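Working through the structure, step by step
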Amino acid sequence: MVYVDKQSSASVQAEVQALRQCLRRCGSWPEAADHFVALMPGGHWHAPKPNDDDFQLLPQVVKDATDGKDIGAQYPAFLQKLFAHTTLRQAFIEAMLKVGE
């Protein structure tokens, strides 16, 4: 089943930009992600709904991101869910900000 968060396009774009800034600061924003974002009209990224496994994986992805690893290459399905789902995206951004404190 494919799930899409119901959120305004402007809000999604703002969150994706916040995600981009967090990942760029630690050098882990995938180069191809800018192309991917540009190709997706109005923030309509379709991905399966995040599940408990995604939220359990979150700390490892945050660690790898802060270590400068390409999370797009290591966790492509997770990255797609980050683009598509506000709950996972917000949890990821909050975790990244805590690491930066």
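Residues numbered from 1 in each chain as written. Predicted model: local features only at pLDDT ≥ 70, side-chain atom pairs only at ≥ 80, totals over all residues. Heavy atoms only, no water.

**Describing the overall build of the chain**
A tally of regular secondary structure across the chain gives six helices and zero strands. Each helix (α) and strand (β) of the chain, taken in turn from the N terminus, gives the series α-α-α-α-α-α. For the chain, the residues scored as buried account for 39% of the 101 residues in total. A separation threshold of at least 6 residues defines the contact pool for the chain, and within that pool the share at least 24 residues apart is 75%. Accessible surface computed for the chain: about 5,800 Å², of which carbon and sulfur atoms make up 55%. (Helix = DSSP H or I, 4+ residues; strand = E, 2+ residues; numbered from the N terminus. Buried < 20%, exposed > 50% of the residue type's maximum accessible area, 1.4 Å probe, protein only. Contact = heavy atoms within 4.5 Å. Areas by Shrake-Rupley, 256 points an atom, 1.4 Å probe, with all protein chains shown as cover.)

**Thoughts on the packing of helix α5 (residues 76–84) against helix α6 (residues 86–99)**
Contact geometry of α5 with α6 gives a least axis separation of 6 Å together with a crossing angle of 105 degrees. One finds that α5 runs roughly perpendicular with respect to α6. Residue-level contacts link Phe-78, Lys-81, Leu-82, Phe-83 and Ala-84 of α5 to Thr-86, Leu-88, Arg-89 and Phe-92 of α6. Of the residues assigned to the contact of α5 with α6, the class counts are six nonpolar, one polar and two charged. (Axes fitted to C-alpha atoms, helices over the stretch in contact; angles between N-to-C directions. Parallel < 35°, antiparallel > 145°, perpendicular 65-115°, else oblique. Nonpolar A, V, L, I, M, F, W, Y, C, P; charged D, E, K, R; others polar.)

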